[in-house]
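# Reading the structure
Spelled out from the first residue to the last, the chains are:
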Amino acid sequence: MRQRLRYFILHFALLPLAMAAQAQLAGSPVLLPQQRLSAAVNKHFFVTGETIWLGAITTALNSGKASDLERAAFVELLNSRGQVALRGMIALRDSRGYGGLFLPATIATDRYLLRVYTAGQQVVGPGGFFSTSLTIVNPEQPPLEPNATPADSVGVQFFTTSGQLVAGLGNTVGVQITDTWGTPIEAAGVVLNSRNDTLAHITTCCGGRAGFQLRPQAGMQYRLEVSHQEKLYSRYLPAVATQGMVMQVKAAANGGADVQVAASANFNGQQVFLHSRSLHTGMINNGSTTFQLTAADLPEGTAPILLYDGGGKIQAQRWWHQPGNRTTILAVTPGQQRYGKRQTVAVQLTTGQPTEVAVSVFRVDSLQHPVPERVKAPDREAKELALLTMGTEVQAVQNQWLPQREGLLLPVRITHAGSDLPASGVTASLSVPGKPFAFVQATADSAGIAWFNPPPFYDSGAAWIQPPVTASGRYRIAPFPLFYPVPQVPEGRLYLPKAWAPQLEQHLLAAQVQEAMGTGPVAAPIDTTNFYGKPDKVYLLDNYTRFPLLEEVLREYIPEVVVRRRADGYHFRVFDESYRRQFENDPLVLLDGQPVAINELMELSALKIRRLDVVGRRYVYGTQTYEGVLAWYTYTGDRAGLPPPAGTAALNLPPQLRQPVLASMALPAGAADRHTPDQRLQLFWAPYLATDQSGKATVRFQTSDVPGRYAIVVQTMGEAEGTKPAVVYFDVE
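Calculation rules
- Along each chain, residues carry numbers from 1 onward, in the same order as the chain's sequence is written.
- Owing to the predicted nature of the model, reporting of local features is limited to residues with pLDDT of at least 70; listing and counting of side-chain atom pairs is limited to 80 or more, with chain, interface and lining totals taken over all residues.
- Calculation of side-chain values draws on the structure's entire complement of heavy atoms; hydrogens and water are dropped beforehand.
- Elements are defined by DSSP. Helices are runs of H or I of four residues or more, strands are runs of E of two residues or more, and each kind is numbered from the N terminus.
- A 1.4 Å probe rolled over the protein chains alone gives each residue an accessible area, and that area as a share of the maximum for its type sets the label: buried under 20%, exposed over 50%, partly exposed in between.
- By definition in these notes, contact holds between two residues if any of their heavy atoms fall within 4.5 Å.
- Under the convention used here, a 1.4 Å probe and the Shrake-Rupley method define accessible areas, while residue burial counts only the protein chains that appear.
- Salt bridges are counted wherever a side-chain nitrogen of Lys or Arg sits within 4 Å of a carboxyl oxygen of Asp or Glu.
- As used in this structure description, the phrase polar contact means that two N or O atoms lie within 3.5 Å; if the pair is within protein, one of them must be able to donate a hydrogen and the other to accept it, and residues adjacent in sequence are counted only when both atoms belong to side chains.
- In short, DSSP must find at least two bridges between two strands for them to pair.
- The axes used here are C-alpha line fits, helices contributing only the stretch in contact, and every angle between their N-to-C directions lies in the interval 0 to 180 degrees.
- Residues belong to a common nonpolar core when they are buried Ala, Val, Leu, Ile, Met, Phe, Trp, Tyr or Cys residues joined through side-chain atoms within 4.5 Å.
- Aromatic rings from Phe, Tyr and Trp, taking only the six-membered ring of Trp, are treated as a pair when their centres fall within 6.5 Å; an angle between ring planes under 30 degrees marks them as stacked, one over 60 as edge-to-face, and anything in between as tilted.
- Look at NZ for Lys and CZ for Arg. If either is within 6 Å of the ring centre and within 35 degrees of the ring normal, a charge sits over the ring.
- pLDDT is defined as a per-residue confidence score from the predictor, taking values between 0 and 100.
- One less than the number of residues in a helix, times 1.5 Å, gives the span that helix is expected to have.

## Some remarks on the overall build of the protein chain
- A tally of helices and strands in the protein chain yields 7 helices and 47 strands.
- Per-residue burial for the protein chain yields a buried fraction of 54% across its 733 residues.
- Pairs at least 24 apart in sequence give 70% of the contacts found in the protein chain among residues at least 6 apart.
- As displayed, the protein chain has an accessible area near 31800 Å², and 51% of this comes from carbon and sulfur atoms.

## Quick word on the environment of Pro216
- For Pro216, the location among the structural elements is in the loop between β14 (209-214) and β15 (222-228).
- The class for Pro216 is buried, based on a relative accessible area of 2%.
- In this structure the C-alpha to C-alpha distance between Pro216 and Val240, which are 24 residues apart in sequence, comes to 7.0 Å.
- Those residues in contact with Pro216 that lie beyond four places of it in its chain are Leu165, Val166, Ala167, Gly168, Leu169, Asn171, Tyr222 and Val240.

## Brief notes about the pattern of salt bridges
- Using the criterion set out here, one finds 21 salt bridges in the structure.
- Residues Glu50 and Lys43 are paired through a salt bridge, measuring 3.0 Å at the closest nitrogen-oxygen approach. Neither residue differs from the other here; Glu50 and Lys43 are each classed as buried.
- Each of Glu76, Arg87 and Arg115 takes part in a single network of salt bridges with overlapping partners.

## Quick notes on the environment of Arg215
- Within the secondary structure, Arg215 sits in the loop between β14 and β15.
- The sequence separation of Arg215 and Val166 amounts to 49 residues, and the corresponding C-alpha distance is 8.0 Å.
- In this view, Arg215 contacts Gly168, Leu169, Gly170 and Tyr222; residues no more than four positions away in its chain are not counted.
- A polar atom in the side chain of Arg215 sits 2.9 Å from the backbone oxygen of Gly168.

## Focus on unusual backbone geometry
- One non-glycine residue, Glu230, lies in the positive phi region at around 65°.
- With respect to the secondary-structure elements, Glu230 resides in the loop between β15 and β16 (231-236).
- Glu230 sits in the exposed class, given a relative accessible area of 82%.
- Phi angles above zero are rare outside glycine, and Asn286 is one such case at about 55°.
- Looking at where Asn286 falls in the secondary structure, it is placed in the loop between β21 (279-283) and β22 (288-293).

## Details of the sheet that holds strand β12 (residues 188-193)
- Taken in spatial order, the 4 strands of this open sheet run β13-β12-β15-β16, and their pairing is antiparallel. Here the strands that pair on one side only, and so sit at the sheet edges, are β13 (198-203) and β16. Going across the sheet, the axis of each strand differs from the next one's by a mean of 20°, ignoring polarity.
- Alignment of β12 against β13, held across 5 bridges, turns out to be antiparallel. When the sheet's bridge partners are listed, Val190 is paired in β13 with His201.

## What about helix α5 (residues 550-557)?
- Regarding α5, the residues found buried are Leu550, Glu551, Val553, Leu554 and Tyr557.
- Each element contacted by the buried residues of α5 is listed here: β35 (537-540), β36 (561-566), β37 (569-576), α6 (598-602), β41 (609-621) and β42 (624-634).

## A look at the nonpolar core
- Judged by nonpolar contacts, the single largest core of 46 residues is most densely connected at Leu410, Ile414, Phe452, Ile465, Phe531, Tyr532 and Leu653.
- Leu410 has contacts with Leu430, Ala450, Trp451, Phe452, Ile465, Phe480, Leu482, Leu651 and Leu653, leaving out every residue within four places of it along the chain.
- Residues Leu541, Leu550, Leu554 and Leu591 belong to the second largest nonpolar core, which totals 28 residues.

## Overview of the packing of aromatic side chains
- Summed over all chains, the structure comprises 22 aromatic pairs.
- Here the aromatic rings of Phe437 and Tyr633 are separated by 6.0 Å at their centres, their planes lie at 45°, and the arrangement is tilted. Separated by 196 residues along the polypeptide, Phe437 in the loop between β30 (427-432) and β31 (438-443) and Tyr633 in strand β42 bring together distant segments of the chain.
- The exposure class assigned to Phe437 is buried, which follows from its relative accessible area of 5%.
- Grouped by ring-pair contacts, the aromatic residues Phe437, Phe439, Phe531, Tyr532, Tyr619, Tyr621 and Tyr633 constitute a single cluster.
- Over the ring of Phe483 we find Arg87, and its NZ or CZ is 4.0 Å from the ring centre.

## As for the sheet that holds β36
- Read from one edge of the open sheet, 3 strands run β36-β37-β38, paired in antiparallel fashion. What marks the edges here is a single partner per strand, and that holds for β36 and β38 (581-582).
- Looking at chain direction, β36 and β37 are connected through 6 bridges and run antiparallel. Within the sheet, the bridge partner assigned to Arg565 lies in β37 and is Tyr570.
- Relative to the sheet, α5 contacts β36 and β37, its axis offset from that of β36 by approximately 135°.

## Regarding the confidence of the model for the protein chain
- When pLDDT is averaged along the protein chain, the result is 83; 86% of the residues meet or exceed 70.
- In the predicted structure, residues 1-31 sits below a pLDDT of 50 and forms 51 contacts with residues beyond four places in sequence or in another chain.

## A closer look at helix α4 (residues 501-517)
- Its 17 residues give α4 an end-to-end C-alpha distance of 24 Å, which sits within 8% of 24 Å, the value for a rise of 1.5 Å per residue.
- For α4, the complete set of buried residues consists of Leu504, His507, Leu508, Ala510, Ala511 and Val513.
- Contact partners of the buried residues in α4: β2 (45-47) and β8 (130-137).

## Some thoughts on the environment of Leu114
- Secondary-structure assignment places Leu114 in strand β7 (residues 110-117).
- Along the sequence, Leu114 and Val75 sit 39 residues apart, while their C-alpha atoms lie 7.3 Å from each other.
- Aside from chain neighbours lying at most four places away, what touches Leu114 is Val41, Ile52, Val75, Glu76, Leu77, Leu101, Phe130, Ser131, Thr132 and Leu134.

## Topic: the pairing of strand β19 (residues 257-263)
- Only one face of β19 is buried, namely the one carrying Ala257, Val259, Val261 and Ala263, since none of Asp258, Gln260 and Ala262 on the opposite face is buried.
- Alignment of strand β18 (residues 245-251) against β19, held across 7 bridges, turns out to be antiparallel. Note that in β19 the partner of Met247 across the bridge is Val261.
- Connecting β18 to the antiparallel partner β19 that follows it, the hairpin turn spans 5 residues, and Gly255 within it adopts a positive phi of roughly 90°.
- Two strands pair when backbone bridges link them, and β19 and β22 are joined in this way by 6 bridges, in the antiparallel orientation. Bridge pairing links Ala257 to Leu293 in β22.

## Describing the side chain of Thr132
- Assignment of secondary structure puts Thr132 in strand β8.
- Those residues in contact with Thr132 that lie beyond four places of it in its chain are Val41, His44, Tyr112, Leu113 and Leu114.

## A closer look at the pairing of strand β43 (residues 649-652)
- Of the two faces of β43, the one lined by Ala649 and Leu651 is fully buried and the one lined by Ala650 and Asn652 carries no buried residue.
- The pairing of strand β33 (residues 462-466) with β43 spans 4 bridges and is antiparallel. Its bridge partner lying in β43, Ile465 is registered against Ala649.

Have a look at this one:
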């Protein structure tokens, strides 16, 4: 009941959907909670065996101040084919979080897209996500020929304010055209209908972007014929919908924006809501309505303008950039231009006002470049096209979402097997193997929705959600998606010229020496206690006579557990340490962190069991009360091959990224020992460093044994505008 009450409070207080509309209809002003996430990575070139360090800060769109609405941010690493290589989660505390994404040997050499976002940002799509391009090299893959060329193809993406074309309405369509590698290209094209009538001409500019106006007809198909390098490519536009809304946004003379909304006939007489920095109400009359927004109605920086219908569903969205008033000037001054090996470096930072910045210091070469400068749009047309193609996939994310207010929150739907009827009141269990394992239970509400809030886990995201062990096969469990859909990108691959080989060897050597000598960052300690705390008794079976049957083990040397055999099989009775008596019902029985039926457990060979934890007291967990806990552990950690109950759902959850001790990023363990080789190429990293009231701060770190040119990269965190990063160099001789 407590978990369900918490869900309802969060759901109705925070979701920017139907509740916001209902509150506005009742005359109560509502500000929809939305966040902006800014993030920074330590560098942009990696080899397998290294760690991507990243930090994130969330701020509220309506105020620009730090926002603690969510306690988790999702991290995804996508390869050039749009496939997920790695996923994880950053824990946010006081709107800030940081962690490391380790690159295992299974990562292939490729260009990657790293994106970070919160659950709430999925409502408006990837335009609001933090994303950056990374290059990762696996040493097991030899460098390829430098003259390799991409496959002969182009990729075309279409963007509309409603995520579709609406018949009879004037649709503004954005286009972005790339080559096979995903690089924007210059191309020309013509828009045709199914009768081959020419409707518009386009020519890309400003990063392969273009735009055109289209008033589609119902039942008609439209395509874009792209001409590139004397070849013609045909790409179809989204299907034409008969109902929907579109909107046009233009700059107003008062410094704000004018929003023109057009709607199909079925929306006439209905109320609509426009959310920018605040919520505005309008009425569709004769297929249209208008909103006039002042500068105060729009959040600083780039943010979405959302259009909701009366039911709280997003019908259209448009990204808009509102210039900000805050300007931060970054000045970075190292103590000197040249340093020796293992010498302390002091760097003065000046921001002019109190500001949080991310600082990274690393060696640069032809592989590793400083953070690329943020390119300012050269003219008004370029700005408009950039905003138009930021992403408007509103139809893709109309499912339920809940702000990750208490860490990871996972919704699942539980139904009766053989039907779609909700299984209200059924308690399911979620288990994630590891040390410690994660175990949590949740009870389905009247709609069959159960919300799991697992504790942090770090080893693996392979999870099981299973119905009660006594109800195997009676229920079906379907998890809701946690992540935003992966973008469809043209296939491509990173090609490595042979000239990279010597410098690549330097990066590989640095990673291997750092791993072997322990000169890397020190991981912060984590809580390894299981959910039941300290057990009353722990049995390591190798310390006793090994019997082949678990029944013999329990009867011979585990007096806290009494084994009983009845017509329906085995039962356990745990000794109550508090009242010095036996409990009357079966305890919670776990095998490698997953609930298991007692009869199935007793069929296992005792020789596969390594350890038993006994909790000899009444244990209340959520809505359930257990008369003791028996946690069995196998040697392999995989239930000794015992299959899960019928109806169990398997899924991959994002493990929480390990946090380093930030002090070790400036002076790693062992770096002070002159007899320990120090091959670090990353000398310092801080995800968010605050300058004082006068806008000043000092950064200190130690150089390594590797000579060369190093870059100090400083960028602001949490600002709406986002000041251009400052890059300063020094040399180590």
